Every structure is written in structure tokens, then in C-alpha cells.
Amino acid sequence: MTQRPIGEGSTRRTFLRASGAAGLGTAALGAVGASAVPARAADGQPAAGADLARGTRPPVHTGTGLDRLPHPLVVGHRGACGYRPEETLGSYELALELGADVIEQDLVPTKDGHLVVRHENNIAETTDVAAHPEFAARRATRTVDGQAVTGWFTEDFTLAELRTLRAKERLPQQRQRNTLYDGRWPVPTFREVVDFARQRSRTLGRDVWLYVETKHPSYFRSIGLPLEERLADELRRGGLAGRNGRAILQSFEPSSLQRLAKLVDNPRIQLLSTADSRPYDFRLAGDPRTVADLVTADGLRWLSSFAHGIGPTTQLVAPVDASGRLQQPTALVADAHRAGLVVHPYTVRNENSFLPADYRRGTDPNAYGDAIGWARYLYELGVDGFFTDNADTSRLARQDFWAARGATS
């Protein structure tokens, strides 16, 4: 998900009512003063319901399929990559067992045009390619989205060659237990994940949805391997295309979503990186707008002309200061809802190093903090779901959130 630099049932849950969002204004993303810090409980955590930007009824999007999903969503980020090497069938299987409503895939192409599921086209960190002497000469430096990257790239391998590799843990220093599964699974094709989701839908007795990202779409189009047409073809083949499909489409590049909108009528989510960043296709086109421009009222209205929602960083919703402590939430959730957009931030993880300082426990950056409290805080802010590496803890937070509101299926 990051741009470079079941349990409860599938019925739709009661949405949040308008509450407490008035007075926060537009989604200002600049620094805030100490007086704007949310109120704290005795243990130092933000007090429940204190100065939160929750509220406003989220858009329903009847007919897109989003209205058939639980609310708020638990999205298995690359599967259950807090516990298994990411974007493997083992990771997806565990995510569903832990209660994820939707499982996410990042798509990149092979040399011969097949779509495979990897976080990046550089597979140096996510496969054992470096241990294959027959591919040593494939190591190269590519300029991807304006940045020089050195490694091994999927676009230099045929699918048959790529299938000789095995997946491994991307963050072995932080997630040492995950290395137990290094080498267990191959790199899956997107077609295999679609078939897996169909099979698991039958065995689970519920629809398994996919959340699919086009990775570096302008780059791949520039080298003759466009993603959108291939993705649309695979969705049609798998019966996932259109309003009755079970796939949400996402991209950091607005032009990729606009292309997809002309090919298949699936729900689309615009991913948003840091406030000062610019989508790569904007840079290519000379469009000066930054993410900060896209989260204004005008920017959100423009996004709503081709997208059904946004996937911002959590800091665009719940910013932190230089020490990592939470500041006053922005009004992005309420503003996006007013523009008819759902909000699915990324990424919630259990480890202290990924949590706001308010929710860290102890001094070990790799130890678990209060991830349930952090997830609950985001639900209180009114998000419509989020991407999580640990579907089980996010699901528990959602159960607490529902219980506090007396929500029923």
C-alpha cells in the first residue's frame, strides 16, 4: 500500500450519525497548537469522544457493492502480513481466518504480460531472487516514478522464471517470527488470487472481496506493459467486473482510476500519500497540485467525479507532532463524506514503531503496543474502514466500537 519515498457476518452495519464534527472546518493539514490536542484520559490516551472529528453519515454508494460490505471495513493489508510474508496465498488465507472482510493486492506485470501480486516490481526484499545465481545478471537499476532503484524487477522476468522464486518476509528485523515461513509460498499471479477468493467464498459461505492496487501505472505504461487493460480483463474473466463484482480498485495515480472507470464499473478509491507529495502522473503532466490540494473541498469534489472514496495516510486524518504524539484530528473524514467519498486510511499495525506515541507500550520498537486502542480511535474518528496488517486486533477494536454504539447487523 505504501507509495514509495469473518466472522461478524456480511450484513451492513449501522452507520455513524452526525456528531461532534461541526466547528473543525475544512481539512487543514498544517501544524496545530497545543490547545488543539485531544483531551486525554487518566492513562494518557485520548478520551473516548473527546474533540474527535467523527460524525457525518458516510455515503452509501448503492449499486457499487460497497453498501453490501460490513461497516467499517477491516481490510487485510497484503493479507495478514503482520504474521506471514506479504501477498502470498498463505497471508491471504490467514487474513480471512482472522476476520478480514477484504484482502488487498498490489499488481505488477511480468516481462510476458502476466499480472503478479507483489508490493513492488523490485522483488529483492520480498523473494529469494538474490540466492539464484542464474539470475545474478538481471540485477539492475531502474528509474521508477522518478527515483533510481536497484534490484531485480518483475518486468525482466517471464512468469515461468518468476515462478522458480519463493516469497520471503520483507521486514525480517521487525517481524522475525515471520521468517519461519520464508520459502513456503511462490509469488502468486493475480488470476490465482481471484480463483482462491472464489473458492474461499464457497467454503466460508460469504463473498470474499479483493482490494486491488495498480502499482506504478504510468511507469509500466511507459515501458509497454499497461496495467489497467490487463486488470480489467482479469476481472471480467473472474466474474469480478462491474457493479456486481467483488473487487475494489485503488491507485495513487488519478489517471489510472480514470482509465479504469472507462473499462469496468467497479468501486474506485484514490490513494493519498503525504500532504506535500504529488501523484507521479501529476508530475508527468505538469499538474502542480499536491495531496494537500486534493483534500480541500474543491479537490475532494474533483476526486468524486471518478472515485468513490479516498485512501489517505492515517496522518492525514489523525496527525502527530514531531514526538509522534497525536494532535487535533483533521476534518478530512467529514469533508470527504460531504463530497460523497468513503475514507479508508492506511496502515494500522501492532508494533510500537508504527503506532502514535500515545499507544506505544515499553521501549522496544518491535514489541506490540495498544493497537486495539489505536484502531478504536480511528473508528471513533468516523473512518469507513482501514488497511491493517493485523486483522484480528482491528476486528476486536471494531467489536468494541460496535458494542459501544449498540450497533446491530
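Residues numbered from 1 in each chain as written. Predicted model: local features only at pLDDT ≥ 70, side-chain atom pairs only at ≥ 80, totals over all residues. Heavy atoms only, no water.

Below, the discussion takes up the overall build of the protein chain. A count of helical and extended segments in the protein chain gives 13 helices and 11 strands. Taken over 409 residues, the protein chain has a buried fraction of 59%. Of the accessible surface of the protein chain, which amounts to about 15600 Å², a share of 50% is contributed by carbon and sulfur atoms. (Helix = DSSP H or I, 4+ residues; strand = E, 2+ residues; numbered from the N terminus. Buried < 20%, exposed > 50% of the residue type's maximum accessible area, 1.4 Å probe, protein only. Areas by Shrake-Rupley, 256 points an atom, 1.4 Å probe, with all protein chains shown as cover.)

Formed by 83 residues in total, the largest nonpolar core has its most connected members in Phe190, Leu210, Leu231, Ile310 and Trp374. Ranked by the residues each element gives to this core, the list is headed by helix H12 (residues 371-380), at 6 residues. Those residues in contact with leucine 231, other than ones at most four positions away along the chain, are Leu107, Leu115, Phe190, Val212, Thr214, Leu249 and Leu260. Listed in part, the 14 residues of the second largest apolar core include Leu69, Leu73, Ile248 and Leu271. (Core = buried A, V, L, I, M, F, W, Y, C linked by side-chain atoms within 4.5 Å. Contact = heavy atoms within 4.5 Å.)

Another aspect to go through is the pairing of strand E9 (residues 309-312). Alternating residues of E9 divide into Gly309 and Gly311 and Ile310 and Pro312, and every residue in both groups is buried. Sheet topology note: the strand E8 (residues 268-272)/E9 ladder contains 4 bridges and is parallel. Pairing of glutamine 270 across the sheet is with isoleucine 310, part of E9. (Pairing = 2+ DSSP bridges.)

Of the pockets and cavities examined, the second largest pocket occupies roughly 290 Å³. Lining the second largest pocket are 13 residues, with Gly82, Arg175, Arg177, Asn178 and Tyr368 positioned closest to its centre. For the lining of the second largest pocket, the class distribution of residues is 3 nonpolar, 6 polar and 4 charged. (1 Å grid on protein atoms, 1.4 Å probe; cavity = no way out; pocket = protein on both sides within 12 Å on 5 of 7 lines; lining within 4 Å. Points joined across faces, edges and corners; volume = space filled by probe spheres on them. Nonpolar A, V, L, I, M, F, W, Y, C, P; charged D, E, K, R; others polar.)

What follows concerns the packing of helix H3 (residues 190-204) against helix H5 (residues 228-237). One can describe the packing of H3 onto H5 by two numbers: an axis separation of 10 Å at closest approach and a directional angle of 30 degrees. One element, H3, and the other, H5, form an angle in the roughly parallel class. Read as a crossing pair, H3 and H5 show a hand that is right-handed. In this structure, H3 uses Phe190, Arg191 and Asp195 to contact H5, whose residues at the interface are Leu231, Glu234, Leu235 and Arg237. Each residue belonging to the contact of H3 with H5 can be placed in one class, and the counts come to 3 nonpolar, no polar and 4 charged. (Axes fitted to C-alpha atoms, helices over the stretch in contact; angles between N-to-C directions. Parallel < 35°, antiparallel > 145°, perpendicular 65-115°, else oblique. Left-handed = near helix turned anticlockwise from the far one by under 90°.)

The next thing to look at is the confidence of the model for the protein chain. Predicted confidence across the protein chain gives a mean pLDDT of 88, with 85% of residues reaching 70 or more. Counting interchain partners and residues more than four positions distant, the pLDDT-below-50 stretch residues 4-53 has 127 contacts. (pLDDT = per-residue confidence, 0-100.)

Proline 72 follows histidine 71 through a cis peptide bond whose omega is -5 degrees. Residue position: proline 72 is located in the segment before strand E1 (73-76). Of the consecutive residues tyrosine 346 and threonine 347, the connecting peptide bond is found in the cis state with omega at -15 degrees. Tracing the sequence through the fold places threonine 347 in the loop between strand E10 (342-343) and H12. You will see that arginine 78, though not glycine, has its phi angle at about 55 degrees, which is positive. Relative to the helices and strands, arginine 78 resides in the loop between E1 and helix H1 (89-97).

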